[in-house]
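Residue strings, one per chain:
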Amino acid sequence: MAATATSTNQVVDAVIGAGGSGGRSGNGFRKNGGGHGDGDDFHYSPARYRVGIWVAIASIVMLFTALTSAYIVRMASSNDWTPLEMPKVLWLSTTVILISSVTIEISKRSLKRARDSQYGLWLALTAVLGVVFVGSQYAAWRNLARQGVYVATNPHSSFFYLFTAVHGLHVLGGLLALAYLLLRTRKKRDSVEGELRRIGAAEAAAVYWHFLDGLWICLFLLLFFWK
Amino acid sequence: MAEAATHGEVHRHPAPTSFIRKYIFSIDHKIIGIQYILLALTSVIIGMIMSVLMRINLSWPGTHIKILETLFPQGAPGGVMSGEFYLSLVTMHGTMMVFFVLTTAPQGGFGNYFLPIQIGADDMAFPFLNMMSFWVTFVGFIVLVLAIFAEGNATVGGWFTSLGASWAGGSGTVGPIGGWTGYPPLSALGKVAGPGQGAGVNLWIISIAIFCVGSLLGALNFITTLLNMRTRGMSLMRMPLTCWAWFTTAILALLSFPVLLGGGILLLLDRIAGTSFFIPGGLYVSGAPVPLHTGGSPLLWQHLFWFFGHPEVYIAILPGMGATSHILSTFARKPIFGYRAMVFAIFAIGMLGFFVWGHHMFMSGMSPYSAVAFSILTLSIGVPSAIKTFNWLGTLWGARIRFTTPMLFALGFVSLFVAGGITGLVLGQTSLDFFFHDTYFVTAHFHLVMGVASIFGMFAATYFWFPKMFGRMMHEGMGKLHFWVTFLGVYAIFIPFHAMGMLGMPRRYSNFGEYEFLKNAHGLVLFVTIAAIVTVIVQLLFYFNFIWSIFKGKKAPNDNPWEATTLEWTIPSPPPHDNFAGIVPTVYRGPYEFSVPGAPNDYIMQTEPEGAAVQAGLGDTSGNGGNGHKH
């Protein structure tokens, strides 16, 4: 069995490089027919995490579709809409989350090239940027509160607090995922499946993080640049 | 190491040994499925008790019910239900049934148990999320039950009242009085809007929001599992129709529950944070102005709610359609008529379901042009529905039907789906809906098609899969009696509802005594009540049969007592922890190969290799396919 001697590198090649022998051959996706396969010594497919994260993103998109369409309807149908003055610190948030998208991409690519230490470093940097983002969003809340603008002050502020809070919760979820991955960078997986699982999880986390970035850009534009 | 890796997939998680890990916090999809079924069986009892209480109140107003006096001394002083008490029964009956019965049992219950097995997987894609999905749903259930007592019990209500103005409880109802649709502004204002609208509504919203999260976790799992975990040879077009139904349902849940969740968050903020998403300005309630709110739109909630609400109808019934297709084919001993058409129809019904929410709002003052668009889209759902119905009839045509209990319930499903669906064509037209809106005609329509038909699908599924789940058969005699009384009973309840609706009897009213034009309907009301009580009592027989059969039922004669073809019937009953005991099945053919000419038996398992069956048939003279030589 190949599993004993496989380095991370080979695993990566087997899964990411070789499309034909990857998890999706055959009519069904699972390739281990009848339990007597050759090359079937591991069955874990990273496609599971990839599919899972896209499905999860679809549902989060629907949540924000509901909330943003409420925003648009509420804005158009009433005469009590007072636009907020944008807290300047949101530019910081936006810049930070954009940069964090780049760092997690670098981190993911390092993992694919089996450069474990680089992977860990960029991942940690991403997590730090994530924390800075959350802190910066909180600063924006404090800023508004100092001006006496709270959730119920006017509909625009209600939506601002709501969007940033719901998005922020999803960012916190992303940070939990990053923390989990960081805890796993040190511990070398001794089984092929464990290693694959780690790569699959890292890829899914990267996709999710990019999504959070794009989502924030959309919300930011909608909140302050959409008339 | 190699060995560990090999077994990594097959036994991805080892069989648990402790009781808690095995039966309570289990990550085994089969246990989770049973947990969902038990949750539904519990919730449905609460829902049925509430419907009986409502019927008693309608037929015999002023009845003294001792237990109500004990439990809810304020809402039912002297054991007599108040009008508000009745309204809260309406709300909680609907919420309990729609969310915790019709959404849990068909999808979370049977889907969880059988989807992985039918596609040849050893578990769901994310077993831990699967466990979370059940327990989150369970917390939602507890919160909803809490809503009953937060309003119904002064002591429990007192705990909540201290949380703030919108949390005032203990008003003597059994929950909110605004119906399961929770329309603002009355649902957004707090106790000023009436008894039950304080803590009851807050807990109701929180319960639904928690339920949404649980359903989303489940849907995520279903979709990923189906896309990613099918065994070798299990192409999409070889899946049993049940799997197609669960898959479509999961997509609907995935895309519609987030919208309800969003709406719920906005409604809760209106109540506890003072925002005005749904509360318009200048509002007067009970003669007093509502301060501090301006500019909100109550219609916005209706759009968000029904964007979820209509797909929810299909979330309830599609799994029933899947089970019915599966069971009809099995007991008709014929391939399902038009497999591909069935797949496309089920998908079309699901997708069209996202574009028809406006038909719940014809009376909201929407533009007549949008109403016409919604009306046309609504009526077009009749096309895939008719395709399904005719294909079911085509499956039965010329068949030598085995009238087992599951088959009877599947046939009952077809009957109820047609009977309930046909009035959808009436209500889907704006001009007719203007008359029927908010009458018992609507109640009849959705109870038949969404409530009872779905439940019949689940009864069929229960009787059909029981031997697989527990290794014993349910009692056929009790099952048949259960079927006939229930079948006649539900028609006896809901056909008169249509007549009452045509008379103009409005839904949700607790008392019709003062309405001269409804005097003649009293006999019908009484008849319905008696039919309802008989129907509810016979469900006790089902519960008895279910529990008795688990322990004392006749042992299933073999692993495939119905002579069915799909993968779950290739494995022991009940299935081992990892379903296929380490041997991953290979699928060679479609799911409904019954009465294939030339085959030795009148059914061919999906795992039978191509050609093998015919070969065996030629060699085996005792086979009923005899001398066939063509496949």
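Nothing here was measured: the structure is a model prediction, and the numbers come from that model.

### A word on the overall build of chain A
Right, on to step 1. A count of helical and extended segments in chain A gives six helices and zero strands.
Right, on to step 2. Listing the helices and strands of chain A from first to last along the sequence gives α-α-α-α-α-α.
Right, on to step 3. When the 227 residues of chain A are sorted by exposure, 38% land in the buried category.

### Things to note about the overall build of chain B
Right, on to step 1. For chain B, the helix and strand inventory stands at 20 helices and two strands.
Right, on to step 2. In terms of overall size, chain B behaves like a compact globule, its C-alpha atoms giving a radius of gyration of 25 Å where 631 residues would be expected to give roughly 25 Å.
Right, on to step 3. Its C-alpha atoms give chain B principal-axis dimensions of roughly 85 × 60 × 50 Å.
Right, on to step 4. Counting over 631 residues, chain B shows a buried share of 56%.
Right, on to step 5. Taking the contacts inside chain B whose residues are at least 6 apart along the sequence as the reference set, 77% of them involve residues at least 24 apart.

### Focus on the nonpolar core
Residue and element names in this part refer to chain B.
Right, on to step 1. In this structure, Ile223, Leu254, Ala453 and Ala460 are the most contacted members of the largest nonpolar core, which totals 239 residues.
Right, on to step 2. Of the residues forming this core, the biggest block, 20 residues, is contributed by helix H10 (residues 241–272).
Right, on to step 3. Apart from the residues lying within four places of it in its own chain, the contact partners of Ala460 are Ala323, Thr324, Ile327, Pro406, Phe409, Ala410 and Phe413.

### A few points about the packing of helix H3 (residues 29–59) of chain B against helix H7 (residues 127–152) of chain B
All names here are of chain B.
Right, on to step 1. In contact at an axis separation of 10 Å, H3 and H7 are set at 15° when each is read in the N-to-C sense. By the angle between their axes, H3 is roughly parallel relative to H7. The crossing of H3 and H7 is left-handed. Counted together, His29, Ile32, Gln35, Tyr36, Leu39 and Ser43 of H3 and Pro127, Asn130, Met131, Phe134, Phe138 and Phe141 of H7 form the full contact between these two elements.

### Thoughts on helix H13 (residues 368–380) of chain B
Residues and elements named next belong to chain B.
Right, on to step 1. For H13, with 13 residues, the first-to-last C-alpha span of 18 Å sits near the 18 Å given by 1.5 Å per residue.
Right, on to step 2. Those residues of H13 lying buried are Ala371, Phe374, Ser375 and Thr378. For H13, the angular spread of the buried residues around the axis is 105°, confining them to a single face. Those residues of H13 that are exposed and angled more than 90 degrees off the buried face are Tyr369, Val372 and Ile376.
Right, on to step 3. Where H13 is buried, its residues touch helix H16 (430–436).

### Overview of the domain arrangement of chain B
All names here are of chain B.
Right, on to step 1. On domain assignment, one finds that chain B holds domain 1 (32–279), domain 2 (316–554) and domain 3 (557–631).
Right, on to step 2. Domain 1 and domain 3 are separated by 41 Å when their C-alpha centres are compared.
Right, on to step 3. At the interface, 13 residues of domain 1 touch 15 residues of domain 3.
Right, on to step 4. Its residues assigned to classes, the side of domain 1 that touches domain 3 comprises six nonpolar, four polar and three charged.

### A few points about the environment of Thr104(B)
Residues and elements named next belong to chain B.
Right, on to step 1. Within the secondary structure, Thr104 is located in helix H6 (residues 104–118).
Right, on to step 2. A count of 31 C-beta atoms within 10 Å places Thr104 in the buried class.
Right, on to step 3. C-alpha of Thr104 to C-alpha of Ile117: the two residues are 13 residues apart in sequence and 19 Å apart in space.
Right, on to step 4. Ignoring sequence-local partners within four residues, the contact set of Thr104 consists of Tyr36, Leu39, Ala40, Gly109 and Thr137.

### Some details on the confidence of the model for chain B
Interpretation of this model should avoid reading the predicted coordinates in detail wherever pLDDT is low.
All names here are of chain B.
Right, on to step 1. Confidence along chain B averages 92 in pLDDT terms, with 95% of residues attaining 70 or more.
Right, on to step 2. Low pLDDT (under 50) marks residues 1–11, which in the prediction has 27 contacts with non-local residues, meaning those over four places away or in another chain.
Right, on to step 3. Interface confidence in the predicted complex, given as ipTM, is 0.91; pTM for the same model is 0.91.

### Re the packing of H7(B) against helix H9 (residues 199–228) of chain B
All names here are of chain B.
Right, on to step 1. Between H7 and H9, the least distance of the axes is 8 Å, while the angle of their chain directions is 165°. Between H7 and H9, the interaxial angle falls into the category roughly antiparallel. Our pair here, H7 against H9, has a crossing hand that is left-handed.

### Considering unusual backbone geometry
Residue and element names in this part refer to chain B.
Right, on to step 1. Pro184 connects to Pro185 through a cis peptide bond whose omega is 5°.
Right, on to step 2. Counting through the fold element by element, Pro185 comes out in the loop between helix H8 (154–161) and H9.
Right, on to step 3. In this model, Ser573 is joined to Pro574 through a cis peptide bond whose omega is -15°.
Right, on to step 4. Position of Pro574 relative to the elements: it lies in the loop between helix H19 (522–552) and helix H20 (612–619).
Right, on to step 5. In this structure, Ser286 is a non-glycine residue whose phi angle is positive, near 50°.
Right, on to step 6. Along the chain, Ser286 falls in the loop between strand E1 (284–285) and strand E2 (288–289).

Analysis parameters
- Residues numbered from 1 in each chain as written.
- Chains lettered and ligands numbered in written order.
- Predicted model: local features only at pLDDT ≥ 70, side-chain atom pairs only at ≥ 80, totals over all residues.
- Helix = DSSP H or I, 4+ residues; strand = E, 2+ residues; numbered from the N terminus.
- Buried ≥ 20, exposed ≤ 12 C-beta atoms within 10 Å, placed from the backbone.
- Rg over C-alpha atoms; globule rule 2.2 N^0.38 Å.
- Contact = placed C-beta atoms within 7 Å.
- Core = buried A, V, L, I, M, F, W, Y, C linked by C-beta atoms within 7 Å.
- Axes fitted to C-alpha atoms, helices over the stretch in contact; angles between N-to-C directions.
- Parallel < 35°, antiparallel > 145°, perpendicular 65-115°, else oblique.
- Left-handed = near helix turned anticlockwise from the far one by under 90°.
- Expected span 1.5 Å × (residues − 1).
- Arc of directions from axis to C-beta.
- Domains from an automatic or database assignment.
- Nonpolar A, V, L, I, M, F, W, Y, C, P; charged D, E, K, R; others polar.
- pLDDT = per-residue confidence, 0-100.

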